[in-house]
Amino acid sequence: MVDKPQWLVREEAGIPVLVALALRQRLGIRIPVELPTLRDHPLRAFDDGGVDDALERQWRAYWDMTVEPEAHPSRSPLELVDGFDTIVALPAVGAERLRAAIAPLASEVVRYANEAQQRYSRSVAGTGDPYRAYAAALAEFERDTGRRAHSFELNVHVLPLAQRGIWRIGAFSIAVTDSLRHDPVDFDSAIRPVIAEVA
């Protein structure tokens, strides 16, 4: 008997991802440039002379590890950062600049992430099956192509981003604006090309 292809979509407003993005804008980090900023959170801006390349490099490694930890393991042991509980762990070696920069921001950033996550949880409570849109897009893909979808996993991070849209943030991960996710018609249209790409 041949195993039937399986698909798994995980949708959340994960606190680790929210914390990483809040730190990104508090530190004035511009990468990834295509990803918008978070709404209702302070943004540090400075001219090109203020770019801290080491800080950006260290944040990018932390971001990749946060979004897809299995694909981006640390080369050195991880250590928790004071003030972030178990949310932020950085490599013991090679993240010194980032560790020093984020420590003073812990309480505000964690509070913001918790509030954003709670808003997401309230917004999906009692709305029926949150995976209907993914199943419908998958069914349409299989109808259009005449074949079953390949097995895949997709992590969907629903975030309070300042612009409406969908962005790829990892090999198996996307970010979607909360306002788009809660618009059934527009989200159905927007998620179809993503499902077609992974399936």
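Scroll up to find the structure.
Residues numbered from 1 in each chain as written. Predicted model: local features only at pLDDT ≥ 70, side-chain atom pairs only at ≥ 80, totals over all residues. Heavy atoms only, no water.

1. Description of the side chain of glutamate 68
- Here glutamate 68 shows up in the loop between helix H2 (53-67) and strand S2 (78-80).
- An unpaired buried charge is present at glutamate 68: no salt bridge exists, and arginine 168, the closest side chain of opposite charge, is 6.4 Å distant.
- When neighbours within four sequence positions are excluded, glutamate 68 is seen to be in contact with Gly170, Ala171, Phe172 and Ser173. (Helix = DSSP H or I, 4+ residues; strand = E, 2+ residues; numbered from the N terminus. Buried < 20%, exposed > 50% of the residue type's maximum accessible area, 1.4 Å probe, protein only. Lys, Arg positive; Asp, Glu negative; His and termini not counted. Salt bridge = Lys/Arg side-chain N within 4 Å of Asp/Glu carboxyl O. Contact = heavy atoms within 4.5 Å.)

2. Section: the pattern of salt bridges
- Within this structure, the stated rule accounts for 12 salt bridges.
- Where glutamate 108 meets arginine 26, a salt bridge forms, and the shortest distance between an N and an O atom there is 3.2 Å. Here glutamate 108 is found in helix H4 (residues 106-124), whereas its partner arginine 26 is found in helix H1 (residues 15-27), with 82 residues between them in sequence.
- For glutamate 108, a relative accessible area of 37% gives the class partly exposed.

3. Things to note about the nonpolar core
- Formed by 59 residues in total, the largest nonpolar core has its most connected members in Val19, Leu23, Tyr62, Trp63, Phe84, Ile102 and Ile195.
- Here the element with the most residues in this core is H1; it accounts for 9 residues.
- Other than its neighbours up to four places away in sequence, valine 19 contacts Tyr62, Phe84, Ile87, Val88, Val109, Val110 and Ala113. (Core = buried A, V, L, I, M, F, W, Y, C linked by side-chain atoms within 4.5 Å.)

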